[in-house]
Structure formats: C-alpha cells, structure tokens
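# Coordinate inspection notes
Take a look at the letters that make up each chain.
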Amino acid sequence: MKIILLIVLFPFIEITLFFLFLSEFGFIVSLIEILITFIIGCFIFSLNKKLFFESNFRNISFLQINKYSIEKNKRFIFFVFGSIFLIIPGYISDIVGILIMFKFVQNSLLWFLFFRSKISNTNGNYTNDVKEEIIDGEFYDLHDIKKTYLKNKKM
C-alpha cells in the first residue's frame with residue numbers, strides 16, 4: 001500500500017520541487033539542470049549498455065539471476081539504472097540516479113536485496129544466505145549391500 005501511495009504522490013512531489021527551484025533559481029537554471037542531467041544520463045547509458053547487455057545476462061533467464069551474477073556485474077547494472085534515472089526529468093530522480101552510482105549505496109542495496117529478503121536460487125529452493133546450513137552425508141546403494149550380504153551368507 002505504501003508503494004502505491006508513493007507512486008501516486010511522486011509526480012506531485014516532483015512538480016512541487018520543480019516550482020520551488022523555479023522560483024528560487026529561475027527558469028533558465030532549472031532548464032539547464034534538466035538538460036545537463038539528461039545529457040550525462042545518455043552518455044553514461046551509452047558507455048555501459050553494451051557491457052550490461054552483453055554480460056552474463058544474455059544466457060540467463062530472469063528467474064535464474066542470483067547473487068553471484070549480480071555481484072560480478074554490479075557496476076554495469078547500477079550505472080545503467082542510475083543513468084535511466086538521470087534521463088528521467090526531475091530532481092528526485094536525478095538525486096536517486098546519482099546516488100545509485102556510488103559504491104556504498106550499491107553495497108547497501110545489494111545487502112538489502114540478498115540478506116534482508118529471501119531469494120530463489122537456480123534450483124528453485126528458497127534460502128536465506130545468512131543462515132545457510134550444509135549437511136554432509138553418505139549414500140549407499142542398498143542393492144549392492146544386499147548382494148554382498150547374500151554372497152557372504154552362501155559362503
């Protein structure tokens with residue numbers, strides 16, 4: 001419910017901030033800020049899109065994306081999403097886009113995504129990486145044991 005409320009209120013907050021900055025700095029400065037962040041976003045997107053789309057995600061379906069593949073390509077993932085936020089006009093989206101490109105924000109988002117919530121690994125089992133247990137065991141073929149037992153009994 002909170003997400004839906006945030007999505008509904010987001011345009012009103014952006015428009016309010018735009019008019020506040022417009023009255024404080026003027027129309028030209030506000031327009032230049034929007035154009036500069038758009039150009040920077042397009043430039044960063046063009047630098048990282050090829051590496052993002054040609055990385056390991058080419059052969060992996062959406063459900064098989066796991067922690068390792070995201071950690072391996074973290075920079076490209078976050079720079080593409082940050083550049084998309086920079087391309088979208090608005091002050092909040094510009095701030096979010098710039099923040100996503102910082103390493104400590106990336107690490108915090110990954111921690112929240114993988115350690116705070118349960119994820120699905122490639123086998124479809126739900127695990128929590130923090131409390132993962134490994135059970136070691138041995139397996140025997142019961143038919144071989146039975147054959148060996150019958151051979152020893154006949155002798």
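The shown structure was predicted, so the numbers you read here are calculated from the model rather than taken from an experiment.

### Here's the deal with the overall build of the protein
Summing up its helical and strand segments, the protein has seven helices and two strands in all. Going from N to C terminus, the protein has its helices and strands arranged as α-α-α-α-α-α-β-β-α. Taking all 155 residues of the protein together, 21% fall into the buried category. Pairs at least 24 apart in sequence give 57% of the contacts found in the protein among residues at least 6 apart.

### Thoughts on a nonpolar patch on the surface
Taken together, the side chains of Phe27, Ile28, Leu31, Ile32, Leu35, Ile36 and Ile40 make up a nonpolar region of the molecular surface, amounting to roughly 640 Å² of accessible area. On the basis of relative accessible area, Phe27 is assigned to the exposed category, the value being 52%.

### Examining helix α4 (residues 74–87)
Across its 14 residues, α4 extends 20 Å between first and last C-alpha, which sits within 8% of the 20 Å expected from 1.5 Å per residue. For α4, every residue scored as buried is listed here: Lys74, Phe76, Ile77, Phe78, Phe79, Val80, Gly82, Ser83 and Leu86.

### Here's the deal with the packing of aromatic side chains
For the structure shown, the criterion picks out four aromatic pairs. The interplanar angle of 15° and the centroid separation of 6.0 Å between the aromatic rings of Phe102 and Phe104 together place this pair among those described as stacked. Looking at Phe104, the relative accessible area reads 56%, which means it is exposed.

### Thoughts on the side chain of Asn48
Turning to its location among the elements, Asn48 is positioned in helix α2 (residues 27–53). The buried category is assigned to Asn48, whose relative accessible area is 4%. In this structure the side chain of Asn48 is engaged in a polar contact, spanning 3.0 Å, whose partner is the backbone oxygen of Ile44.

### Side note on the packing of α4 against helix α5 (residues 91–100)
Orientation of α4 relative to α5, taken along the N-to-C sense of each, is 160°, at an axis distance of 7 Å. By the angle between their axes, α4 is roughly antiparallel relative to α5. Seen along the crossing, α4 lies across α5 with a hand that is left-handed. Contact residues: α4 offers Phe78, Gly82, Phe85 and Leu86, while α5 offers Ser93, Asp94, Val96, Gly97, Ile98 and Ile100.

### Observations concerning the confidence of the model for the protein
Mean pLDDT over the protein stands at 76; residues scoring 70 or higher make up 66%. Put simply, strand β1 (residues 119–120) is where the protein has its lowest mean pLDDT, 48, and α5 is where it has its highest, 91.

### Some words on the packing of helix α1 (residues 2–25) against α5
Running from N to C, α1 and α5 point in directions that differ by 100°, and their axes come no closer than 8 Å. The orientation of α1 relative to α5 falls into the category roughly perpendicular. In contact with Phe10, Ile13, Glu14, Leu17, Phe18 and Phe21 of α1, α5 contributes Tyr91, Ile92 and Ser93. Broken down by class, the residue content of the contact of α1 with α5 amounts to seven nonpolar, one polar and one charged.

The rules behind these values
Residues numbered from 1 in each chain as written. Predicted model: local features only at pLDDT ≥ 70, side-chain atom pairs only at ≥ 80, totals over all residues. Heavy atoms only, no water. Helix = DSSP H or I, 4+ residues; strand = E, 2+ residues; numbered from the N terminus. Buried < 20%, exposed > 50% of the residue type's maximum accessible area, 1.4 Å probe, protein only. Contact = heavy atoms within 4.5 Å. Patch = residues over 30% accessible without salt bridge, like charges linked within 9 Å, V, L, I, M, F, W, Y side chains within 5 Å. Areas by Shrake-Rupley, 256 points an atom, 1.4 Å probe, with all protein chains shown as cover. Salt bridge = Lys/Arg side-chain N within 4 Å of Asp/Glu carboxyl O. Expected span 1.5 Å × (residues − 1). Phe/Tyr/Trp six-rings, centres within 6.5 Å; stacked < 30°, edge-to-face > 60°. Polar contact = N/O pair within 3.5 Å; in protein donor to acceptor, adjacent residues only side chain to side chain. Axes fitted to C-alpha atoms, helices over the stretch in contact; angles between N-to-C directions. Parallel < 35°, antiparallel > 145°, perpendicular 65-115°, else oblique. Left-handed = near helix turned anticlockwise from the far one by under 90°. pLDDT = per-residue confidence, 0-100. Nonpolar A, V, L, I, M, F, W, Y, C, P; charged D, E, K, R; others polar.

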